[in-house]
Amino acid sequence: MVLKKIRRRVERIITKPFKKPPRKPSIKPPSPPQSPPPEPSPATMIRRPTHPFTFPEAQSTVIPDPSTYFTPNLLTSPLPTNSFFQNFVLKKGDQAEYIHPYLIKSSPSSLSISYPSLFTSAPFTYQIFNADITISAIDNHDPKQAHVISSFNDLSVTLDLPNLRFYLVRGCPFVTCHVLHEVALSISTIHAILDFTPNSSKTRYKFNLNNGQTWVLYSSSSIDLTYEMSNITSLPFSGIIRIALVPNSDTKLEQVLNEYSSCYPVSGDAVFGAPYCVEYKWDKKGWGNLLMLANPLHLRLLDHTSPLILDEFRYNSIDGELVGVIGDSWVLNTNPVSVTWHSVKGIKEESYPEIVKALVKDVEGLDSTSISTTSSYFYGKLVARAARLALIAEEIGYLDVMPKIQKYLKDTIEPWLDGTFSGNGFLYDKSWGGIITKQGSQDSGADFGFGIYNDHHYHIGYFLYGIAVLAKLDPIWGRKYKPQAYSLMADFMTLGRGPNTKYTRLRCFDLWKLHSWAGGLTEFADGRNQESTSEAVNAYYSAALMGLAYGDTHLVAIGSLILAMEIHAAQTWWHVKEDDVLYPKDFTSQNRVVGVLWANKRDSGLWFAPPDWKECRLGIQVLPLLPITEVLFSDVEFVKQLVNWSMPALGREGVGEGWKGFVYALEGVYDKDIALEKIRSLKGHDDGNSLSNMLWWIHSRDEGDHQGYEGGYKHSWFGHYCH
């Protein structure tokens, strides 16, 4: 499937100047930034009225059966398709997942834990799995029995093996196992055990391995353990055991583990309560305070008035160092992004004629009958491209083109919403609970894997943008198609869960990493992945715009919140600044932006292009070009670094005009005049972009954007855009 996906993307690139993902806003006088509407009460945010429209039921031949790994009680509700534990429920369920700070791999009747080491080079960096610790029950009557998932939440998954229940909670420095019945245990390692020391009560054992690691095992009651070389065995035991690596084998940090070993989390949830924040809450057992780990973005957003941060207690991670935090409740605060239809600072009137000329030509070319693609992705991009033209026309007050744009939008969107589009269409899959396409229901490679839940926020995001704009321009049309529109939106924006919902909770968004994943129901050795952060941003931005169009304050608020976190995450993990220390020097020195970010890997290559196609790496993190792009790339100094790093690649033979356009668009952030001349010379644009949109972008740059900030850096990333 992966090879098929890559081949399809390469074919698209070869046959068209610029064809992969996304693109795209402005009146007279220019509209000021729009403040978010009043925040609804938490009760309103959680209990929304449902929109009962359901697309026709799918009969998929390619979707995997979820019943193999989920317990029967979970099968009555929609199931996650981009979760942090997705590998555990696909194929043999034996590929590792990164449950920070450990890589966890399940095999029949056993679970292996790895504190991964990092391999790094200029093209990529990844974590290496070694089975440092493997836990199983001895004398298991069914040694080939696979694990099952008995529960899951935003921050945790419970994995059951014969007689053993593992509470895998993200950011927990301990792996906690509940031995459900009295059984003898085997705890093995691929390394040699150098020494093995119990305390007087036999509730704590410390052992050093010949790879330099020190591990500590804790038990809720006395447990008799003996060891030989690489294997530890127990007498029959029932109760709780917890295993943790001692960072750097430091005795001071070992004392921290000792102090907090008696309190363990069994699950964790992210709660949307107070305005524009997310609260982490863990369900804990035992006694004492809870010790967890925060990633670098958590630390940036964490409300420091409540939990205690143990700055010296750190674990290594591909995502940056994980730092100890004490407390069973954290609050993460982020300023909401102001969601606007048009450019933030407006366009000077002397620039209107050039934009109008381009607009007239671009609108003349709109012809729904000439669309040859049936791909939900490329079709969605064409819808969003036309919607951009409408908003540009509205911003500069040139409304003569509006009737034709509206007709085009209706002609292209309605067939997908009412099921009359002959080449493809949306269907509802009951097995996992989500929207797929007709083509995708029969071919796992069609629509870039949309039928197996790949790239859902990308494809649907483009349709939502077009729907939002059309509903704004024609409220009667908007009311007519609101049920279908909300059904599409709910596929990846649902907050609820349980048997009364049709869609899984926040299908793509990871509430611990605070960004989206795109890979769907495909098993990957490196876990989940996402390529284009800007298309993810477009999805939540478009959902928020739909909230504006329909007067839905709940949707605006949630869309703005998730949008802000997605931008924070992109700037943290995808944007690689020259002086960053998050990634190893070898990788940082050669890369200004990550190509594909995996749970367990950072890759400079793309699904459709090699690492040296730097203009593609830049472009795929920019498109579609929108007002929100200004927020995503608000660090002017980084934008300069990124453009300077990408620009030499434009001299390569065969570079697509569309990719050049995105490089020039970012150059316009700090050098408007030079970028404008380059944009005027372009011979083509990405299929989701247009000359009108490029001119709108460059003429909405403020000559003083990069002035007045030390080193050109906007110290407050959200600048003018947050309230």
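Predicted model only: the values in this text are computed from it and were never measured.

### What about the pattern of salt bridges?
Thought 1: Summed over all chains, the structure comprises 27 salt bridges.
Thought 2: One salt bridge in this structure joins arginine 497 and aspartate 269, with 2.9 Å as the shortest N-O distance. Taken together, the residues span a long stretch of sequence, with arginine 497 in the loop between α11 (482-493) and β26 (509-510) and aspartate 269 in strand β18 (residues 263-271) at a distance of 228 residues.
Thought 3: In this structure, aspartate 411 engages lysine 407 in a salt bridge whose closest nitrogen and oxygen atoms are separated by 2.7 Å. Residue aspartate 411 and its partner lysine 407 are both found in helix α7 (residues 402-418); the two are separated by four residues, about one turn of the helix.
Thought 4: A relative accessible area of 53% means that lysine 407 is categorised as exposed.
Thought 5: One salt-bridge network, held together by shared partners, links Asp154, Asp269, Arg497 and Arg505.

### Brief notes about the side chain of serine 692
Thought 1: Here serine 692 shows up in helix α20 (residues 691-699).
Thought 2: A distance of 3.1 Å separates a polar side-chain atom of serine 692 from the backbone nitrogen of leucine 359.

### Observations concerning the UniProt feature "domain: Glycosyl hydrolase family 81 N-terminal" (unreviewed entry) in the protein chain
Thought 1: What UniProt calls "domain: Glycosyl hydrolase family 81 N-terminal" (unreviewed entry) maps, in this numbering, to residues 76-341.
Thought 2: Helix makes up 6% of residues 76-341 and strand makes up 51%, while its end C-alpha atoms are separated by 39 Å.

### Quick notes on the packing of aromatic side chains
The relation between two aromatic rings is expressed through the spacing of the ring centres and the mutual angle of the planes.
Thought 1: For the structure on display, the rule yields 44 aromatic pairs.
Thought 2: Put simply, the rings of Phe53, Phe55, Tyr379, Trp416, Phe421, Phe426 and Phe463 touch in pairs and so form one group of aromatic residues.
Thought 3: Lysine 577 extends its terminal NZ or CZ atom over the ring of phenylalanine 638, reaching a point 5.4 Å from the ring centre.
Thought 4: Here lysine 601 stacks its cationic end above the ring of phenylalanine 124, 5.3 Å away from the centre of that ring.

### Quick look at the UniProt feature "domain: Glycosyl hydrolase family 81 C-terminal" (unreviewed entry) in the protein chain
Thought 1: Taken from the UniProt record, the annotation "domain: Glycosyl hydrolase family 81 C-terminal" (unreviewed entry) applies to residues 347-697.
Thought 2: Regarding residues 347-697, the helix share stands at 53% and the strand share at 6%, and the terminal C-alpha atoms are separated by 9 Å.

### Details of the pairing of strand β24 (residues 426-429)
Thought 1: Along β24, one buried face is formed by Phe426 and Tyr428 and the opposite face, lined by Leu427 and Asp429, is buried too.
Thought 2: Sheet topology note: the β24/strand β25 (residues 434-437) ladder contains four bridges and is antiparallel. For aspartate 429, the partnering residue across the bridge sits in β25 and is glycine 434.
Thought 3: Between β24 and β25, which pair antiparallel in sequence order, lie four residues; one of them, glycine 433, sits at a positive phi of approximately 90°.

### Here's the deal with the side chain of arginine 617
Thought 1: Take arginine 617: it is sitting in helix α15 (residues 614-620).
Thought 2: There is no salt bridge for the buried arginine 617, and the closest opposite charge comes from aspartate 612, which lies 7.7 Å off by N-O distance.
Thought 3: The contacts of arginine 617, once residues within four sequence positions are left out, are Asn591, Val593, Val594, Gly595, Ser604, Leu606, Pro611 and Trp645.

### Here's the deal with unusual backbone geometry
Thought 1: With an omega of 5°, the peptide bond between histidine 100 and proline 101 qualifies as cis.
Thought 2: Assignment of secondary structure puts proline 101 in the loop between β1 (97-99) and β2 (102-107).
Thought 3: We note that asparagine 163 has phi near 70°; this positive angle belongs to a residue other than glycine.
Thought 4: Relative to the helices and strands, asparagine 163 resides in the loop between β8 (156-161) and β9 (164-169).
Thought 5: With relative accessibility at 22%, the residue asparagine 163 sits in the partly exposed group.
Thought 6: Of note in this structure, leucine 514 is not a glycine but carries a positive phi near 70°.
Thought 7: Within the element layout of this structure, leucine 514 appears in the loop between β26 and β27 (515-516).
Thought 8: Given a relative accessible area of 0%, leucine 514 falls into the buried group.

Calculation criteria
Residues numbered from 1 in each chain as written. Predicted model: local features only at pLDDT ≥ 70, side-chain atom pairs only at ≥ 80, totals over all residues. Heavy atoms only, no water. Salt bridge = Lys/Arg side-chain N within 4 Å of Asp/Glu carboxyl O. Helix = DSSP H or I, 4+ residues; strand = E, 2+ residues; numbered from the N terminus. Buried < 20%, exposed > 50% of the residue type's maximum accessible area, 1.4 Å probe, protein only. Polar contact = N/O pair within 3.5 Å; in protein donor to acceptor, adjacent residues only side chain to side chain. UniProt positions renumbered as here; feature names shortened; annotations may be inferred. Phe/Tyr/Trp six-rings, centres within 6.5 Å; stacked < 30°, edge-to-face > 60°. Lys NZ or Arg CZ within 6 Å of the ring centre and 35° of its normal. Pairing = 2+ DSSP bridges. Lys, Arg positive; Asp, Glu negative; His and termini not counted. Contact = heavy atoms within 4.5 Å.

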